[in-house]
Amino acid sequence: VIAQSSVATVAASGKRVKEIGMALDADALVEGQVERAGDSIRVRVMLVDPRTEETRWSQRYDHTSKDVFGVQSEVAAKVAGLLRIQLAARESRSLGRLPTTNPDAYDLYLRARSQGGHANPSRGGLDSAIVTLSKAVRLDSNFAAARAFRASMLSSSVFLFDAPPERLDQAQADISTALAIDSTLAEAWEARSTLVWNAVRGWNFGEALADAQRALMYRPSLVEAHNDLGSLYFHYGFHDAAKRELDLSLSLDPLDSCGSRALCTGFTRPRLARVLWYQQQFDAALKFYAAMPYVGGFVWEYAVVLSDVGRPADGLAALDSSRRPGTLEGADREAARGLLYATLNRRGEALGQLKAAAGHSTSRSHFHHAQFTIACAYARLGMTTEAVAWLKQTAENGMPNYPLFRNDPNLRSLQGTPTYEALMSGLKLQFEANAKLVHASELAFAPHP
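Everything quoted here is computed from the prediction, not taken from an experiment.

A. Quick peek at the overall build of the protein. When you go through the protein residue by residue, the secondary structure sums to 21 helices and five strands. For the protein, contacts bridging at least 24 residues in sequence account for 59% of all contacts bridging at least 6. Looking at the protein as shown, the accessible area adds up to about 19,900 Å², and 51% of this sits on carbon and sulfur atoms.

Now the structure itself:
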């Protein structure tokens, strides 16, 4: 884990490596491994061809556990020199700044990152990370990075799993303390971005946008902040901007927070497919899903896109093949089934699935995706009043995506109806106001020459 942290400092500089004393025919990834035996630490750093997984170069560094921070600085500096990478001034300074003077606290922090810091954390993983980070903070109350990460885990547990809302108060306290210790800590600004954008605190788009941009001002390579921006953009209809941020994220982390892609969807790849879907580029979205070794919980989106290209039966087959016997499917999958049944004119089954989806929300903050699918299904069934009501709920619950609501083919039957057009008029004004926020935020936090 120590190696992962130090190598990430170099790899996340956003540089692609073309020469290591010899010509390479492909971009390369910097990877690291660490072994610990007693007080001895051995770090191996490798340059790997991402297509063939062939190791092109490697070097070993031996240190004692007492010099854990020296390991990180030395490895990052030497690899940067080897790769002829000029680290940004802020990144160079960060190598010389100790995150904590307590090695045990730092070890707990890194363990917490392995528990909850991956692409699709479980409720248990987030809770374990929070407990581990609390131990780290007790060992060093001035460990700003640990406080920022605990805030992120607390906010994620509320957003994804409707954990007690009081966790957001603790997250806010952690962020305030972290920024009081280090006002330039990008991770704290990123955590603040997630704190203010949820169903509990309100969908504060402008604040979340500015905080994510500020995080990138302090650390342009922060993958989580690029993902935050991409997510904000596609929820609000700025699809080109979302794709730009998600592409940047994937260039910084080609593994997409996955140790192995065989059983990991990653964060960025399925959301790039979602952006293509929202842009009505359905064939391109299907190709993107097909290129993913593991679709996992995003199978419901894949099923909806199959329906959008005229293959609703294939969409149902995809849902059936991924269903675990004896388990509830959850709101997203039930809503998708409802839409597919509606498309196939199986009205009774569609209404049953939509009723189930409406009652199976596992998270108020994340329910807007199911709400939109429910609206599409009711539109397919010709139930205009219900469809518009669910679209309105979707918009009020963090997803006022005017271009999507206007152009999605499942909503075509609503075009011209008074209630739908009235809703669209209001959302268009909101979209235009948000566009000004996006433009102002990008200008305010643009990198200076």
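On we go.
B. Main features of unusual backbone geometry. With a phi angle near 60°, serine 257 is a residue other than glycine that sits in the positive phi range. Locating serine 257 in the fold gives a position in the loop between α11 (239-252) and α12 (268-278). Look at glutamine 280: it is not a glycine, yet its phi comes out positive at around 65°. Its place among the elements puts glutamine 280 in the loop between α12 and α13 (282-291).

C. Main features of the pairing of strand β2 (residues 40-48). Sheet topology note: the strand β1 (residues 29-37)/β2 ladder contains nine bridges and is antiparallel. In the sheet register, valine 34 faces β2, and the bridge partner there is valine 43. Between the antiparallel neighbours β1 and β2 lie two residues, among them glycine 38 with a positive phi of about 65°. Pairing analysis gives nine bridges linking β2 to strand β3 (residues 55-64), with the strands arranged antiparallel. Residue pairing for β3: valine 48 is matched across the bridge by threonine 55.

D. Spotlight on the sheet that holds β2. Spatially, three strands are ordered β1-β2-β3 in an open sheet, and the strand pairing comes out antiparallel. In this open sheet, the two edge strands, each paired with only one partner strand, are β1 and β3. Each strand of the sheet is rotated relative to its neighbour by a mean of 15°, with strand direction disregarded.

E. Looking closely at the environment of glycine 348. You can see glycine 348 is positioned in helix α17 (residues 347-359). C-alpha of glycine 348 to C-alpha of glycine 338: the two residues are ten residues apart in sequence and 9.5 Å apart in space.

F. Expanded view of the state of the cysteines. Tallied over the entire structure, the rule returns one disulfide. Disulfide partner of cysteine 258: cysteine 264, at an S-S distance of 2.0 Å. The sign of the -65° torsion about the S-S bond sets the cysteine 258-cysteine 264 disulfide as left-handed. A single burial state applies to cysteine 258 and to cysteine 264, both of which are buried.

The rules behind the values
- Residues numbered from 1 in each chain as written.
- Predicted model: local features only at pLDDT ≥ 70, side-chain atom pairs only at ≥ 80, totals over all residues.
- Heavy atoms only, no water.
- Helix = DSSP H or I, 4+ residues; strand = E, 2+ residues; numbered from the N terminus.
- Contact = heavy atoms within 4.5 Å.
- Areas by Shrake-Rupley, 256 points an atom, 1.4 Å probe, with all protein chains shown as cover.
- Pairing = 2+ DSSP bridges.
- Axes fitted to C-alpha atoms, helices over the stretch in contact; angles between N-to-C directions.
- Disulfide = S-S within 2.5 Å.
- Buried < 20%, exposed > 50% of the residue type's maximum accessible area, 1.4 Å probe, protein only.

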